[in-house]
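Per-entry structural report
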Amino acid sequence: MSQPILTMRGISKRFPGVKALEEVDFELYPGEVHALMGENGAGKSTLMKILSGVYAPTEGTIRLKGRDVVFHNPMNAQRQGVSIIHQEFNLFPNLSAAENIYIDRPDITGRFGFIKWPKLVREAQALIDSIGGGIDVRREVQHLGVHSQQVVEIAKALSFRADVLIMDEPSATLPENEVQNMFEVVRRLRHQGVAIVYVSHRMKEIFEIADKVTVLRDGKKIDTRPIGEVTEQKLIRMMVGKEVGNLYPVRITEGQPQQVLQVDEMSLDASHKVSFELHKGEILGLFGLVGSGTHTVAERLFGLRKGTGDVYILGKKVRIGSPLEAISHKVAYVPPDRHRQGLIKPMTICQNLSLNLLKDYTKGMLLDRKRVKQVSETYMQKLRVKAPNDQHIVDFLSGGNQQKVVLGKWLATEPNILILEEPTRGVDVGAKAEIYQIIHQLAEGGLSILLISSEMPEVIGMSDRILVMHKGEFVHEFRRGEVDQEQLLKRASNPRLHEEAVP
Ligand SMILES: Nc1ncnc2c1ncn2[C@@H]1O[C@H](COP(=O)(O)OP(=O)(O)OP(=O)(O)O)[C@@H](O)[C@H]1O
Ligand SMILES: [Mg+2]
């Protein structure tokens, strides 16, 4: 057995009112992919931020390549060989992808500090292409989609020669084919002897890529095991501390339900239109590969994008030209990208949860604080947001808990139609089961839900009907129980496939 390249000993971290880590030991060996798992708020990102120089530990030591080290900041850690891909993007939106990748790098400036642009663009493009990103690095980051931004973030971390590479939920916003590309890169780095920490809530990925797994629970280390020694069930038990029952609630749907939403020839772009219906208490899944148009459907329905076509809600023709109009028709939208659209991070949980209610809860000039408080506490509890209280600043919540606040903020508007896009992205298994239960109960209570997700098990497990999209069109409809992942993927990637097979 070789020597560990990195040893963290007795790491503790306290934030005001929160003990995020307690005497955690963590070891990394060269050429291993080490998965780090645990529930939302277990301390994964905090441990990795300490390892990458973002935070100083309250207690504990770090040894890297046989020497005790103290990282003063991320730059300092990077120079010593520890690079991190953050869970929350750290990109400058108004700079190009290339600039983001090579920002602050002495080796690309020539004499007198002039930046060697052609070299920068060339190298950045080569790096992106090696991950298979298909992105023009000269484009500004703000004009890139979420998953392209993720690719830029990965490329940025790879641009340093790292001995230790930390990937904090790198796949959360990546579609399946790009996850595979990323794994290729990870395997290559492992082969070169890089030690990789891989943080993810996706079991499938852990078993595919990891050699070892360490589980944290409530800031404490539970265990480190070779991946061959654990099963999914075992891991869940280590993380949650108990068994998690069925992930998907049993749904029984019956009869001719009332139509709540009717969409007629709604344009997605110049050449594509869609029509569909949504019923009372129905969970309608929308599935398609990247670029299929599912996201556009959501944006059109919520008034974030303009176009032609008719929308009827409860039989009445409505105009949804802006999110405000959508909200006034009791349509809510939980967007896939919580950073840009979902949350105001410097504000408290309570303020975020009640953001959409302020109009309704204002009497004269006065805000009904008691009602706001009540709503905020209800949803915090319902979604089990992990924080000392609802006055906690959202920015200080763990990634998964931020996702719960986004969800709560829209649930609190008590909508008739709820559009959910990637509702469990970055959420741990236990919380996932809770969120599914909540979605299920909402549907039982008569809420109509449009569920857009790239996670096939989620769409299949939750939806009463699934509309499959391909290049801006609905190509197939499945009913509950009619479909498995293989069929769904086939339809989404090649809609004509089935017709060809049938003579
Ligand atoms: N800057 C901060 N200030 C205050 N509390 C913080 C801060 N950063 C993290 N915490 C708290 O520390 C705990 C651990 O958070 P951390 O982000 O490490 O969780 P995580 O395991 O990465 O979770 P997730 O899976 O949701 O990303 C949480 O209770 C979180 O609210
Ligand atoms: Mg985290």
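Residues numbered from 1 in each chain as written. Chains lettered and ligands numbered in written order. Predicted model: local features only at pLDDT ≥ 70, side-chain atom pairs only at ≥ 80, totals over all residues. Heavy atoms only, no water.

Per an unreviewed UniProt entry, the chain carries the name Sugar ABC transporter ATP-binding protein and comes from Paenibacillus darwinianus.

1. Remarks on the overall build of the chain
Note the cut-off: A run of H or I in DSSP becomes a helix once it reaches four residues, and a run of E becomes a strand once it reaches two; helices and strands are each numbered from the N terminus. For this measure, only C-alpha atoms enter the radius of gyration; the expected value for a globule follows 2.2 Å times N^0.38, where N is the number of residues. Note on exposure labels: buried denotes an accessible area under 20% of the residue type's maximum, exposed denotes more than 50%, and partly exposed covers the range between, all computed with a 1.4 Å probe on protein chains only. What makes two residues a contact is simply this: any of their non-hydrogen atoms within 4.5 Å. Note on charges: Lys and Arg go in the positive column, Asp and Glu in the negative column, and His and the chain ends are not counted at all. In plain terms, the charge of a residue is placed at NZ if it is Lys, CZ if Arg, CG if Asp and CD if Glu.
A count of helical and extended segments in the chain gives 18 helices and 22 strands. For the chain, the C-alpha radius of gyration of 24 Å lies close to 23 Å, the compact-globule estimate for 503 residues. In terms of overall dimensions, the chain has C-alpha extents of about 70 × 55 × 50 Å along its principal axes. The proportion of buried residues among the 503 residues of the chain is 53%. Within the chain, residue pairs in contact and separated by at least 24 positions form 65% of the contacts whose partners lie at least 6 positions apart. The centroid of the 65 positive side-chain charges in the chain is displaced by 4 Å from the centroid of its 62 negative side-chain charges.

2. Some points on the site of ligand 1
Stated formally: One heavy atom suffices: a residue is near a molecule or strand as soon as one of its heavy atoms comes within 4 Å of it. N or O atoms closer than or at 3.5 Å make up a polar contact, with two conditions inside protein: a donor-capable atom paired with an acceptor-capable one, and, for residues adjacent in sequence, both atoms drawn from side chains. What sets the accessible areas is the Shrake-Rupley method with a 1.4 Å probe; for residues, cover comes only from the shown protein chains.
The immediate surroundings of ligand 1 are formed by 20 residues, with G41, K44, T46, S398 and G400 found nearest. In this structure, an oxygen atom belonging to ligand 1 sits 2.9 Å away from a side-chain N or O atom of N40. At 2.7 Å from an oxygen atom of ligand 1 is found a side-chain nitrogen or oxygen belonging to K44. Taken by itself ligand 1 offers 640 Å² of open surface, and the protein chains cover 93% of this. Sorting the residues of the shell around ligand 1 by element identifies β2 (18-28), α1 (44-51) and α14 (399-411) as the ones contributing at least two each. Here the element with the most residues in the shell around ligand 1 is α1; it accounts for 3 residues.

3. Considering the pairing of strand β20 (residues 448-452)
Selection rule: In this analysis, strands are considered paired if DSSP registers two or more bridges between them. By convention a crossover is right-handed if, when the strands point away from the viewer, the path from the first strand over the helix to the second runs clockwise.
Taking burial as the measure, the 5 residues of β20 include 5 buried ones, the bulk of the element. The alternating pattern of β20 places S448, L450 and I452 and I449 and L451 on opposite faces, both of which are buried. Where strand β13 (residues 283-288) meets β20, 4 bridges bridge the pair, whose relative direction is parallel. Considered in β20, the bridge of I283 is made with I449. Strand direction decides the pairing type here: strand β19 (residues 417-421) and β20, joined by 5 bridges, are parallel. Its bridge partner being in β20, L418 is matched across the sheet by I449. Crossover connection from β19 via helix α15 (residues 429-444) to parallel β20: handedness right-handed.

4. A short note on the sheet that holds strand β14 (residues 310-313)
Note the threshold: Working convention: axes come from line fits to C-alpha atoms, limited for helices to the stretch in contact. Angles between N-to-C directions cover 0 to 180 degrees.
The strand order across the open sheet formed by 4 strands is β12-β11-β14-β15, and the pairing between neighbours is antiparallel. In the strand order of this sheet, the two ends are held by β12 (272-279) and β15 (316-318), each with one partner. The average undirected angle you get between the axes of adjacent strands in this sheet is 25°. As judged from the 3 bridges shared by β14 and β15, these two strands associate in the antiparallel manner. Each bridged residue has a counterpart across the sheet, and for V311 the counterpart in β15 is V318.

5. Let's talk about unusual backbone geometry
A positive phi angle, close to 50°, is found at E169, a residue other than glycine. Within the element layout of this structure, E169 appears in the loop between β7 (164-168) and α6 (176-191). For E169, a relative accessible area of 7% puts it in the buried group. Unusually for a residue other than glycine, D218 sits at a positive phi of about 50°.

6. Comments concerning the domain arrangement of the chain
Size of an interface, as often reported, equals the accessible area lost when the parts are brought together. Quick reminder of the rule: As annotated, the domain borders come from an automatic or database domain assignment. Two parts lose some accessible area (1.4 Å probe) when they are put together, and adding that loss for both gives the buried area. Only Asp, Glu, Lys and Arg are considered charged in this grouping, and only Ala, Val, Leu, Ile, Met, Phe, Trp, Tyr, Cys and Pro are considered nonpolar; every other residue, Gly among them, is considered polar.
Domain annotation of the chain identifies domain 1 (6-240), domain 2 (245-330 + 416-503) and domain 3 (343-414). The C-alpha centroid of domain 2 is placed 33 Å from the C-alpha centroid of domain 1. Taken together, the 13 residues of domain 1 in the interface contact 8 residues of domain 2. Summing both sides of the interface, domain 1 and domain 2 together bury roughly 860 Å²; the carbon and sulfur share of this comes to 59%. The interface formed by domain 1 and domain 2 includes 3 residue pairs in polar contact (both at pLDDT 80 or more). Among the elements that make up the side of domain 1 that touches domain 2, the one with the highest residue count is helix α8 (residues 232-240) (3 residues). When its residues are assigned to classes, the side of domain 1 that touches domain 2 shows 5 nonpolar, 5 polar and 3 charged.

7. Things to note about the sheet that holds strand β1 (residues 6-15)
Taken together, the 4 strands give an open sheet; going across it, the order is β2-β1-β4-β5, and neighbouring strands pair in antiparallel fashion. Since the sheet does not close on itself, it has two edges, and those belong to β2 and β5 (67-69), each with one partner. Each strand of the sheet is rotated relative to its neighbour by a mean of 30°, with strand direction disregarded. Relative to strand β4 (residues 59-64), β1 is paired through 5 bridges, and the arrangement is antiparallel. Note on β4: the bridge partner recorded for S12 is E59. Against the sheet, α1 makes contact with β1, β2 and β4, and its axis sits at roughly 120° relative to β1, the strand it touches most.

8. Section: the environment of V194
Along the chain, V194 turns up in the loop between α6 and β8 (195-199). The sequence separation of V194 and G81 amounts to 113 residues, and the corresponding C-alpha distance is 9.8 Å. Contacts of V194, omitting those with residues within four sequence positions, involve P30, G31, E32, A162, D163, V164, L165 and L189.

9. What to know about the packing of α14 against α15
Defined as follows: Should an angle fall under 35 degrees it is called roughly parallel, over 145 degrees roughly antiparallel, and 65 to 115 degrees roughly perpendicular, with every other angle called oblique. By convention, the crossing between two helices is left-handed when the near helix turns anticlockwise from the far helix through less than a right angle, and right-handed when the turn is clockwise.
The contact between α14 and α15 brings their axes to 12 Å, and the two run at 10°. Between α14 and α15, the crossing angle belongs to the class labelled roughly parallel. Where α14 crosses over α15, the handedness of that crossing is left-handed. Here K404, L407 and L411 of α14 lie close against α15, whose contacting residues are A431, I435, I438 and L442. Partitioning the contact of α14 with α15 into residue classes produces 6 nonpolar, no polar and 1 charged.

10. Remarks on the side chain of K432
Along the chain, the position of K432 falls in helix α15. Look at K432 and you get buried, because its relative accessible area is 10%. Within the local environment of K432, its side chain forms a polar contact with the side chain of E455, the two groups lying 3.2 Å apart. Sequence-distant contacts of K432, that is, excluding residues within four places in its chain, are made with L247, T424, V427, E455 and E458.

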